[in-house]
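One letter stands for each residue in the lines below.
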Amino acid sequence: MSELDFTKSHIIISANIEAEFEGLKGALKPKRVVGFIEDEFKIEHAKAAVAEAYISESETKYIILGANHFNTISQNSLLKALEEPPRNIEFIIIVPTTSNLLPTVRSRLPILKKKQERILQEFPFSLAKLEYKNVFDFLKMVSKISKSEAQELTEALYYRATVVDKLLLSNAQLENFDKAYRLLELNARPQSVFALLLMGFINGN
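Computed from a predicted structure; not experimentally measured. (Residues numbered from 1 in each chain as written. Predicted model: local features only at pLDDT ≥ 70, side-chain atom pairs only at ≥ 80, totals over all residues. Heavy atoms only, no water.)

K.L.:
Any chance you could explain the confidence of the model for the protein here in plain terms?
P.N.:
Keep in mind that low pLDDT regions are not for reading the predicted coordinates in detail. Averaged over every residue, the pLDDT of the protein is 89; the share at 70 or more is 93%. Confidence, read as mean pLDDT per element, is least for strand β5 (residues 111–113) in the protein (82) and greatest for helix α2 (residues 43–53) (97). (pLDDT = per-residue confidence, 0-100. Helix = DSSP H or I, 4+ residues; strand = E, 2+ residues; numbered from the N terminus.)

Rendered as structure tokens:
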């Protein structure tokens, strides 16, 4: 697992959630492992996972949260436990793609990508030297893209900003990404979502 310690809390990016869960159970023996593996991770699953975390343990217990989709409400309800987990509790989250998680969740745990599921598309211009013309041209380009394409582009934008352009995002910019993911879940117009994100970079420069 390269330099990432698999015995500590982390996020795993993998298409085969069930297989990852079974593998972790074997690798973490004889420690106790409690799994919450769902197709869609909802608020009731988050509440059950947090309740399990606060059951006192004398030795390390692993709480594994795996799902193809984590809704926004459930993720927000996990934030405090992820940031300040109870004694002897480690969280492991398994998702097929980082775009399924809010930036606020991703920022709390190291990420391990088990295998390349797809090539992340490249965002077409630098966010470090963003100009209004770039924004207007891009908004025209995304006027008719699908919801899934918009989600992939949002992920590409986040990757471009943090990895390629190496920008330290402000709290306001991180909040904009949170809003963008929520809006796209609600089928908002991609143009409106990307206008919010990109203007945040112009105003933040």
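After presenting the structure, the write-up continues.
K.L.:
Explain helix α7 (residues 171–185) here, please?
P.N.:
In this model, α7 (15 residues) spans 21 Å end to end at C-alpha, consistent with the 21 Å of a helix rising 1.5 Å per residue. Those residues of α7 that sit buried are Gln 173, Asn 176, Phe 177, Asp 178, Ala 180, Tyr 181 and Leu 184. Phi for Asn 187, located one or two positions after α7, is positive at around 65°. (Expected span 1.5 Å × (residues − 1). Buried < 20%, exposed > 50% of the residue type's maximum accessible area, 1.4 Å probe, protein only.)

K.L.:
What is the right way to read a negative patch on the surface from this model?
P.N.:
A surface patch of like charges, here negative, comprises Glu 38, Asp 39, Glu 40, Glu 44 and Glu 185. The greatest single-element share of the negative patch, amounting to 3 residues, is contributed by strand β2 (residues 32–41). Note on Glu 38: relative accessible area 32%, which makes it partly exposed. (Patch = residues over 30% accessible without salt bridge, like charges linked within 9 Å, V, L, I, M, F, W, Y side chains within 5 Å. Areas by Shrake-Rupley, 256 points an atom, 1.4 Å probe, with all protein chains shown as cover. Salt bridge = Lys/Arg side-chain N within 4 Å of Asp/Glu carboxyl O. Lys, Arg positive; Asp, Glu negative; His and termini not counted. Charge placed at Lys NZ, Arg CZ, Asp CG, Glu CD.)

K.L.:
What am I meant to see in the environment of Ala 49 here?
P.N.:
Tracing the sequence through the fold places Ala 49 in helix α2. The spatial distance from the C-alpha of Ala 49 to the C-alpha of Ala 180 is 26 Å, given a sequence separation of 131 residues. If we ignore the near neighbours within four places in the chain, the residues touching Ala 49 are Phe 36, Ile 63 and Leu 65. (Contact = heavy atoms within 4.5 Å.)

K.L.:
Mind showing me how you'd approach the sheet that holds strand β1 (residues 10–13) here?
P.N.:
Backbone-to-backbone hydrogen bonds pair the strands of a sheet. The strands run either parallel or antiparallel. A sheet is described by the order of its strands in space; here 5 strands give the open sequence β2-β3-β4-β1-β5, paired in parallel fashion. Only two strands of the sheet have a single partner each, and these edge strands are β2 and β5. With direction set aside, neighbouring strand axes in the sheet form an average angle of 20°. As paired elements, β2 and strand β3 (residues 61–70) share 9 bridges and run parallel to each other. Residue pairing across strands places Ile 37 opposite Gly 66, the latter belonging to β3. Across the sheet, helix α1 (residues 17–27) lies against β1, β2, β3 and β4 (89–95), angled at about 175° from β2, the strand it touches most. (Pairing = 2+ DSSP bridges. Axes fitted to C-alpha atoms, helices over the stretch in contact; angles between N-to-C directions.)

K.L.:
So what exactly am I meant to see when it comes to the packing of aromatic side chains here?
P.N.:
For any pair of aromatic rings, the description consists of the separation of the ring centres together with the inter-plane angle of the planes. Evaluated as defined, the whole model comprises 8 aromatic pairs. One aromatic cluster is present, built from ring pairs that chain together Phe 123, Phe 125, Phe 138 and Phe 194. The cationic tip of Arg 106 hangs over the ring face of Tyr 158; the distance from NZ or CZ to the ring centre is 4.3 Å. (Phe/Tyr/Trp six-rings, centres within 6.5 Å; stacked < 30°, edge-to-face > 60°. Lys NZ or Arg CZ within 6 Å of the ring centre and 35° of its normal.)

K.L.:
Looking at this structure, I do not really get the pattern of salt bridges. What am I missing?
P.N.:
One pass over the structure, following the stated rule, counts 8 salt bridges. A salt bridge links Glu 57 to Arg 32, with the shortest nitrogen-to-oxygen separation between them at 3.2 Å. Of the two residues, Glu 57 sits in the loop between α2 and β3 while Arg 32 sits in strand β2, which places them 25 residues apart along the sequence. Arg 32 gets classed as partly exposed once you look at its relative accessible area, which sits at 42%. One salt-bridge network, held together by shared partners, links Arg 32, Glu 52, Glu 57 and Lys 61.

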